[in-house]
Amino acid sequence: MTTTSTAQPVATEPQPKVRRNWEYPALAALLIGTAAAYLCNLSANGWANSFYSAAVQAGSVSWKAFFFGSSDAANSITVDKPPASLWLMELSVRAFGLNSWSILVPEVLLGVAGVALVWATVRRPFGPAAGLLAGVALAVTPVAALMFRFNNPEALLVFLMVAAAWAMTRAVEDGRWRWLVLTGALIGFGFLTKQLQVLLVVPALALTYSIAGPPKLGKRILQLLAAAAAMVVAAGWWLLAVELWPASSRPWIGGSHENSILELTLGYNGLGRLNGNERGSVGPGGDLPSGGNGMWGSTGITRMFEPAQGGQIAWLIPAALVALVVGILLRGRAARTDQQRASLILWGGWLLGTGLVFSFMAGIFHQYYTVALAPAIAALVGAGAVLSWRGRHRLWVRTASALAVGLTTATAWMLLSRTPEWQSWLRWTVLVVGAIATLAALFPAPRKLAVISALAAAFTFLAGPVAYAVDTIATPHAGSIPSAGPNVGMRGRPPWGEGMPGMGRRTQDGTGTTGRDGAGQVPGGTTPDGRSPGTGPQGTTSDGRVPQPNNAPGGRMPGDGQLPDGAGTPPGTAPQGNPPGDGTMFPPGTLPDAQAPQGTAPTQAAPGDGGPGPDGGGIGGLLGASEPSAQVVSLLEHNGGDYTWVAAAIGSNSAAGLQLATELPVMPIGGFNGSDPSPTLEQFERYVAEGKIHYFVGGGRGGPGSSDSSPSARITQWVQQNFTAIQVDGVTLYDLTAAH
């Protein structure tokens, strides 16, 4: 008899999932720490970029100004960008009132959300450690710590670019249409933030899905076309509305000479940035001289490492490039849809494409633009660190890791050596620790020793950026061209030679500089930074503080923006104020005894009296606004509701300080540069005849590109010839309602 036994399956214990109890507490610490750091000392920035703060104020009281991005609530002219970056801030001001915090906290929240999105995007293909490292690297990047606490469009722009990368990462995972459409929509909304700059990441996004998307090639192409259509719809609805809106009932498009958003897109904010031919620019434009040394700095492959940009962004660029090469080599034989290689293509394409454009663009280029590189650098460093750790048993991987640490050490030494008196111990510490970490990376080691080596490498990578970020957070910033980290002196080659006006950076030791004439004065009777004696740098009060919202408790927000002890300009560095002749709060030649005492009638002054401009004392300058005195504010507020504009001034920043102080519309004649043909002299005369404008503010002026035949110059001449100037606390005003 034969018995047959049936084999019973052996019961197996379910494999427990790997628990990472550390990941989410670490993420919470990262995000809370980022938020706390970015909120620290936030009110010291005051209105930050008053040009945009004035537009925020306008949009918070007028939905029409909200839609168009107008500089004033009476909708005379828009800012020179689309309005999307203003919308969050304007909603915040509507909810919480006009103050520094309600303007800048939304930017902080965008920064924290951007760090979270970088973590989520890198985590999906590379794991939690890579995601957290990438998040840390982004949070401590100096230019990120600057721009996520500032009200320029970059905060929203970078967030939307990172969100598009996240959506593309999801698309590579499952190939669903919705992720491609979302990617395109996010890019389109980015266009409404800063126009063509967002398109710099589009080639990397398209290349990534073309190579690694799960569907067959034909479907991938159709999905990419759907993404392009979503991008056009997300951006085009607003462009179409502006183009179809009757020009007579909408504001002038700031930055354009033909009142066209398409002109602004393709010219001043488009191709002009690449070739330097920018009509309406703050400089004369045109091609760079041979050799690439132009008014916006030297072009070339090393541009990101030059003094103007290096401390902002360059710290981890060598490591990111090494990580890209190592990652591609490690994943070289993986399947076409390999998610890690796809992620490397995405972030690497972003870094290379955007970095090369920034390096060779001949038009307007400011150092804070480099924040657009920060997410890609952070992602590559986080991913590369994890891939190198996992492959450390291979000699070539260890050699590449040592190369990355060595190059980062050399970069940090170079950048820190540009400010040898600032934290002088740091560069030597980084050099020693980096050298040890470089050698240690070459040799195989037990896990515990490898961990110590990795920590030493992490210190080398992060010490410099963290120190710069801390300095950035501790220092007030204001004006149109902010800069992170300590003062490195000459910041590139700005159009006015030494020291870009409105740099928005307070300097370090309070010792001051000697002027160009060797006696502490520049021509025109001003201090080396363009101030009259006794006043602070452009955009500051005489004690060196950034102007604060005057409706805050006690006239200031908590943390009144007082400079650190000894703040000033280091000897031998380039001055950072206005060029000679630019209007300031107390212009050169306006003496204290010429100012009307508080509570008395303003004294009269003849046109041209008391200042460097055609009509004497002004308020604000090309790249930064000043804080008007209480008497000026009181004069403008008196019966202010009876006028469409309580005042008109040449240039947006000349108008911005007055508008923020009074919360009433002030017409910025000529827009940002004072060179836009809005309004014409005929329009201005009609507004005056209709009693729509109360005062004209003298002393404002545009950039070097403005001319005596421009509408703003003709308006100034007409006012001088037909109205009487009065001096109020050093500011020249013309009452346009007086008989003439």
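Model, not experiment: these values are computed from the prediction.

### Brief notes about the overall build of the chain
Moving on, step 1. If you tally the helices and strands in the chain, you get 23 helices and eight strands.
Moving on, step 2. Per-residue burial for the chain yields a buried fraction of 59% across its 740 residues.
Moving on, step 3. Look at the contacts in the chain between residues 6 or more apart in sequence, and 73% of them connect residues 24 or more apart.
Moving on, step 4. As displayed, the chain has an accessible area near 28,000 Å², and 63% of this comes from carbon and sulfur atoms.

### Focus on helix α10 (residues 202–212)
Spacing of three or four residues puts side chains on the same side of an α-helix, whose turn is 3.6 residues.
Moving on, step 1. Buried within α10 we find Ala204, Leu205, Thr208, Tyr209 and Ala212. An end-on view of α10 places all buried positions within 125° of arc, on one side of the element.
Moving on, step 2. Those residues of α10 that are buried lie in contact with α8 (154–174), α9 (177–194), α11 (217–244) and α15 (339–360).

### What about unusual backbone geometry?
Moving on, step 1. Cis rather than trans, the peptide bond between serine 678 and proline 679 has omega equal to -10°.
Moving on, step 2. Of note, proline 679 is situated in the loop between β5 (666–669) and α22 (681–689).
Moving on, step 3. Notably, alanine 48 is not glycine yet its phi reads approximately 55°, a positive angle.
Moving on, step 4. At aspartate 729, a residue that is not glycine, the phi angle is positive and equals roughly 50°.
Moving on, step 5. Following the sequence through the fold, aspartate 729 ends up in the loop between β7 (725–728) and β8 (731–735).

### Looking at the pairing of strand β4 (residues 645–650)
Moving on, step 1. Taking burial as the measure, the six residues of β4 include six buried ones, the bulk of the element.
Moving on, step 2. Bridge count between β4 and strand β6 (residues 693–697): four bridges; the pairing is parallel. When the bridges of β6 are listed, alanine 647 appears paired with tyrosine 695.
Moving on, step 3. Where β4 lies against β5, four bridges are found, and the strand directions are parallel. Paired with alanine 648 across the strands is methionine 667, a residue of β5.
Moving on, step 4. Since β4 and β5 lie parallel, the crossover through helix α21 (residues 652–662) that links them has a hand, and here it is right-handed.

### Observations concerning the nonpolar core
Moving on, step 1. Formed by 141 residues in total, the largest nonpolar core has its most connected members in Trp347, Trp350 and Ile377.
Moving on, step 2. Residue contributions to this core peak at 14 residues, all from α8.
Moving on, step 3. Setting aside its immediate chain neighbours within four residues, tryptophan 350 contacts Met161, Val162, Ala165, Val201, Ala204, Gly355, Ala372, Pro375 and Ala376.
Moving on, step 4. The next biggest cluster of nonpolar side chains, apart from the first, holds 18 residues, and it includes Ile650, Met667, Ile669 and Val719.

### Details of the confidence of the model for the chain
Moving on, step 1. Mean pLDDT over the chain: 81, with 75% of residues reaching 70 or higher.
Moving on, step 2. Note that residues 1–16 has pLDDT below 50 and, in this model, zero contacts with residues that lie over four places away or in other chains.
Moving on, step 3. Across residues 491–503 the pLDDT falls below 50, and counting only partners more than four positions away or on other chains, this stretch makes 60 contacts in the model.

### Brief notes about the packing of aromatic side chains
Moving on, step 1. For the coordinates displayed, the defined rule picks out 25 aromatic pairs.
Moving on, step 2. A connected cluster of aromatic rings, assembled from ring pairs, spans Phe67, Phe68, Trp237, Trp238 and Trp245.

### Topic: the pairing of β7
Moving on, step 1. Neither face of β7 is left uncovered, since the one carrying Ala725 and Gln727 and the one carrying Ile726 and Val728 both have all their residues buried.
Moving on, step 2. Relative to β8, β7 is paired through four bridges, and the arrangement is antiparallel. By the bridge assignment, isoleucine 726 is partnered in β8 with leucine 733.
Moving on, step 3. In textbook terms, the turn of a hairpin is the stretch between consecutive antiparallel strands, and for β7 and β8 this stretch comprises two residues, one of which, aspartate 729, has a positive phi near 50°.

### What to know about the packing of helix α4 (residues 84–96) against helix α5 (residues 100–126)
Moving on, step 1. Two numbers describe how α4 lies on α5: the axes approach to 8 Å, and their chain directions differ by 130°. Our classification of the angle between α4 and α5 gives oblique. For the element pair α4 and α5, the recorded crossing hand is right-handed. Contacts from Leu88, Met89, Ser92, Val93 and Phe96 in α4 reach Ser102, Ile103, Pro106, Glu107 and Leu110 in α5.

### A short note on the environment of phenylalanine 461
Moving on, step 1. Among the secondary structure elements, phenylalanine 461 is positioned in helix α19 (residues 447–474).
Moving on, step 2. Note on phenylalanine 461: relative accessible area 14%, which makes it buried.
Moving on, step 3. For the pair phenylalanine 461 and valine 430, spaced 31 residues apart in sequence, the C-alpha to C-alpha distance is 8.7 Å.
Moving on, step 4. Those residues within four positions of phenylalanine 461 in sequence are excluded, and the remaining contacts are Leu316, Ala319, Val381, Ala404, Val405 and Thr408.

### Examining the pattern of salt bridges
Where charged atoms from two side chains of opposite charge approach closely, those side chains can pair.
Moving on, step 1. Per the stated rule, a full pass over the model turns up nine salt bridges.
Moving on, step 2. A salt bridge links aspartate 338 to arginine 331; the shortest N-O distance between them is 2.7 Å.
Moving on, step 3. Judged by its relative accessible area of 25%, arginine 331 is partly exposed.
Moving on, step 4. As a salt-bridge pair, glutamate 682 and arginine 714 come within 3.9 Å of each other at their nearest N and O atoms. Linking glutamate 682 in helix α22 with arginine 714 in helix α23 (residues 711–722), this pair joins segments that are 32 residues apart in sequence.
Moving on, step 5. Note on glutamate 682: relative accessible area 47%, which makes it partly exposed.
Moving on, step 6. Counted as one network, the salt bridges with shared partners bring together Arg124, Arg170 and Glu173.

### Some thoughts on the side chain of asparagine 49
Moving on, step 1. For asparagine 49, the location among the structural elements is in the loop between α1 (23–39) and α2 (50–61).
Moving on, step 2. Exposure remark for asparagine 49: the relative accessible area of 2% places this residue in the buried category.
Moving on, step 3. A polar side-chain atom of asparagine 49 sits 2.9 Å from a polar atom in the side chain of asparagine 152.
Moving on, step 4. Among residues more than four places away in sequence, those in contact with asparagine 49 are Phe150, Asn151, Asn152, Gly479 and Ser480.

### Overview of helix α18 (residues 424–441)
Moving on, step 1. The first and last C-alpha atoms of α18 sit 27 Å apart over 18 residues, in line with the 26 Å expected at 1.5 Å per residue.
Moving on, step 2. Every buried residue belonging to α18 is among Leu426, Arg427, Val430, Gly434, Ala437, Thr438 and Ala441, and all of these are buried. Taken end-on, α18 shows its buried residues confined to a sector of 100°, consistent with a single buried face. Relative to its buried face, α18 has exposed residues pointing more than 90 degrees away, namely Trp425, Ile436 and Leu439.
Moving on, step 3. Its buried side turned inward, α18 meets α17 (395–417) and α19.

Rules and cut-offs
- Residues numbered from 1 in each chain as written.
- Predicted model: local features only at pLDDT ≥ 70, side-chain atom pairs only at ≥ 80, totals over all residues.
- Heavy atoms only, no water.
- Helix = DSSP H or I, 4+ residues; strand = E, 2+ residues; numbered from the N terminus.
- Buried < 20%, exposed > 50% of the residue type's maximum accessible area, 1.4 Å probe, protein only.
- Contact = heavy atoms within 4.5 Å.
- Areas by Shrake-Rupley, 256 points an atom, 1.4 Å probe, with all protein chains shown as cover.
- Arc of directions from axis to C-beta.
- Pairing = 2+ DSSP bridges.
- Right-handed = clockwise from strand over helix to strand, strands pointing away.
- Core = buried A, V, L, I, M, F, W, Y, C linked by side-chain atoms within 4.5 Å.
- pLDDT = per-residue confidence, 0-100.
- Phe/Tyr/Trp six-rings, centres within 6.5 Å; stacked < 30°, edge-to-face > 60°.
- Axes fitted to C-alpha atoms, helices over the stretch in contact; angles between N-to-C directions.
- Parallel < 35°, antiparallel > 145°, perpendicular 65-115°, else oblique.
- Left-handed = near helix turned anticlockwise from the far one by under 90°.
- Salt bridge = Lys/Arg side-chain N within 4 Å of Asp/Glu carboxyl O.
- Polar contact = N/O pair within 3.5 Å; in protein donor to acceptor, adjacent residues only side chain to side chain.
- Expected span 1.5 Å × (residues − 1).

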